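Chain by chain, the residues run as shown.
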Amino acid sequence: MGLDATARFDARLNRPDQPLAEFVDGLRSTALGHYGAEPQPRFRIAGRFMGQRGPFAKLRDSAGQLQLYLRKGTIGATEEEQQRNDALIKLLHIGDFIGVQGYLFATQTGEVTLHVEALTFLGKSLRNLPIVKTDKEGNVYDAFTDPELRYRQRYVDLVVNPQVKDAFIKRTLMYNSMREYLNAKGYLEVETPILQPLYGGAAARPFKTHHNTLDMTLYLRIANELYLKRLIVGGFDGVYEFSKDFRNEGMSRFHNPEFTQIELYVAYKDYEWMMNLVEEMVEKVALDTNGTTVVQVGDQQIDFKRPWKRFTMYEAIEHYTGIDISEMSEAELRATAKQLHVPVDETMGKGKLIDEIFGEKCEAQLIQPTFITDYPVEMSPLAKKHRSKTGLVERFEAICNGKEICNSFSELNDPIDQRQRFEEQLELGKRGDDEAMVLDEDFLRALEYGMPPTAGLGIGMDRLAMIMTNSNSIQDVLFFPQMKAEQRAEEAES
RNA sequence: GACCUGGUAGCUCAGCUGGUAGAGCAUUUGACUUUUAAUCAAAGGGUCCCGGGUUCGAACCCCGGCCAGGUCACCA
């Protein structure tokens, strides 16, 4: 909330126009009069009353805190007003919203303080805010730290732990940065259905719901890939969407049932081209959110500066295990996995075995952003077969801090091949794989009308936000992470 | 889903070997118009997560459950 030197006092009309902290910092270097000096220009401000000690009170707004000086019997133009304000001050409670007007001075210790001459009440807090206090040595007292309360009552967390906002502000900067980058290239941000009659584009269990009027089953999307490709069929050269996706699976510090991906599809391009785009875009995102390409994540410093390391999956496995598996048969792969103590079972085919070896032996060791390319075809039913390497597809993932941050391929645009891949998925489904893809006839029909060669990309925005904000849990980059219902507390309060 | 840890006042926590439920902050009242986490005095505030069991007696021990965090498993 800004302080305004000229406007007439009516705090109910206050609008945020200048962050308080910025304003106060600006004043620290100026010579303000001490208490009793000739009054300065009048300012007005509104915010939360955060406690009082004698005549000194604290007022907080979205960006900072200002000390108020409330001298009994002096606030208001008339004696009646002054008495009313003295009574109001007695009734003020931590968390109440007030508006004040007055002039600034510096206290003996140099703190910028508003000498209040007029006061208005703006909103009541009925509940006690947990008050966090910090002393000069930086020791924190009575911190609001219970993770359950912080996540269930994020509004309280944000009020009493203002630093919590930082990660969310950075998250928005990330989105802004990507939009800016993709819009500058002329790609179109679009919206596609969240309620889908068939779920597709990924391997995951969906949430299921029902439309009453249409009397039909609908699924919350697990991905939007198949819809964006339909738009490529329709003639757009580049489309992207920040897509809230839903997967009915386990939860962990990396998994929330609803999460966000950006998906991007660009016609007449391939995965090599897309790798360059990812490097360039993510480097820009790091710069725009943190001002540097180097990001501290836990004990690691991660540098997003281009170019990133590139390994084929075979090269990565050879690099970390010393074993060249590129020419191996399924039996040899199984023996190799056992030799490396990678847990495998008899149902795993060649592709799955390779994926397991990579996941166990390589992924966690890839800390700096690294592209892994050329995946086994069995794991990638929507990716185009490799132009020269049999059994592989033109696919890459970027791994960072031991976790996948993006997935991309040259999209499969051969409708006959795509139908076969779907049918293989159907077989997997019949054998009990409840994450196997379902066959989407309408999507195949779209492909049968012809799709240009296309490069596709998905980036997990939550995972990327965790890295960019040095957050240990996805819950720290989601305002309202999914929680079980708090039945007892609800009943007790109602 | 498995294992570990935790759940006591609005918040942060203590509570010994099973023996009347505690502190600080916050709140209310009074005093003080002063400072820099915490002025002084007094007061109010509890389903000790829930349900059973053992016991003369349970916040504490046992059994079952709920919720959360962590680790692992799962995870395109």
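Because the structure is a prediction, the values reported are computed rather than measured.

Trainee: How would you summarise the nonpolar core if you had to cite specific residues and measurements?
Mentor: Ranked by internal contacts, the top residues of the largest apolar core, which has 44 residues, are Met178, Leu264, Val278, Met281, Phe304, Leu457 and Met468. Sort the elements by how many residues they give to this core and helix α7 (residues 271-290) lands first, with 9 residues. Ignoring anything within four residues of it in the chain, the contact list for Val278 reads Glu283, Trp308, Phe371, Phe396, Cys406 and Leu457. Judged by nonpolar contacts, the second largest core, of 42 residues, contains Ile232, Tyr265, Leu340 and Leu439.

Trainee: Which residues make up the sheet that holds strand β4 (residues 97-106), and what values do they have?
Mentor: A barrel is described by the order of its strands in space; here 5 strands give the closed sequence β1-β2-β3-β5-β4, paired in mixed fashion. Neighbour to neighbour, the strand axes of the sheet diverge by 55 degrees on average, direction disregarded. Where strand β3 (residues 64-69) lies against strand β5 (residues 112-123), 3 bridges are found, and the strand directions are parallel. Within β5, the position partnered with Tyr69 by the bridge is His115.

Trainee: Hey, could you go over the protein's contact with RNA strand B for me, with residue numbers and the actual values?
Mentor: Around RNA strand B, the structure places 45 residues, and the nearest of them are Gln67, Lys72, Lys133, His255 and Lys484. Here RNA strand B approaches the protein such that, of its atoms within 4 Å, sugar and phosphate make up 60%. Contacts to RNA strand B include Glu111, whose side-chain N or O atom sits 2.7 Å from a base nitrogen. The side chain of Arg152 places a nitrogen or oxygen atom 3.2 Å from a sugar or linking oxygen of RNA strand B. Elements with a minimum of two residues in the surface near RNA strand B: β6 (133-134) and α3 (147-152). Considering every element that reaches the surface near RNA strand B, the biggest residue donor is α3, with 5 residues. Split into classes, the residues belonging to the surface near RNA strand B amount to 16 nonpolar, 11 polar and 18 charged.

Trainee: An account of the packing of helix α9 (residues 330-339) against helix α10 (residues 350-361) is needed here, citing residue identities and associated values.
Mentor: Where α9 contacts α10, the axes come no closer than 9 Å and their chain directions differ by 25 degrees. Considering the angle they form, α9 stands roughly parallel to α10. Seen from above, α9 lies across α10 with left-handed handedness. Where α9 approaches α10, its residues Glu330, Leu333, Arg334 and Ala337 are matched on the opposing element by Lys350, Leu353, Ile354 and Ile357. Taken together, the residues of the contact of α9 with α10 break down into 5 nonpolar, no polar and 3 charged.

Thresholds applied
Residues numbered from 1 in each chain as written. Chains lettered and ligands numbered in written order. Predicted model: local features only at pLDDT ≥ 70, side-chain atom pairs only at ≥ 80, totals over all residues. Heavy atoms only, no water. Core = buried A, V, L, I, M, F, W, Y, C linked by side-chain atoms within 4.5 Å. Buried < 20%, exposed > 50% of the residue type's maximum accessible area, 1.4 Å probe, protein only. Helix = DSSP H or I, 4+ residues; strand = E, 2+ residues; numbered from the N terminus. Contact = heavy atoms within 4.5 Å. Pairing = 2+ DSSP bridges. Axes fitted to C-alpha atoms, helices over the stretch in contact; angles between N-to-C directions. Near = heavy atom within 4 Å. Polar contact = N/O pair within 3.5 Å; in protein donor to acceptor, adjacent residues only side chain to side chain. Nonpolar A, V, L, I, M, F, W, Y, C, P; charged D, E, K, R; others polar. Parallel < 35°, antiparallel > 145°, perpendicular 65-115°, else oblique. Left-handed = near helix turned anticlockwise from the far one by under 90°.

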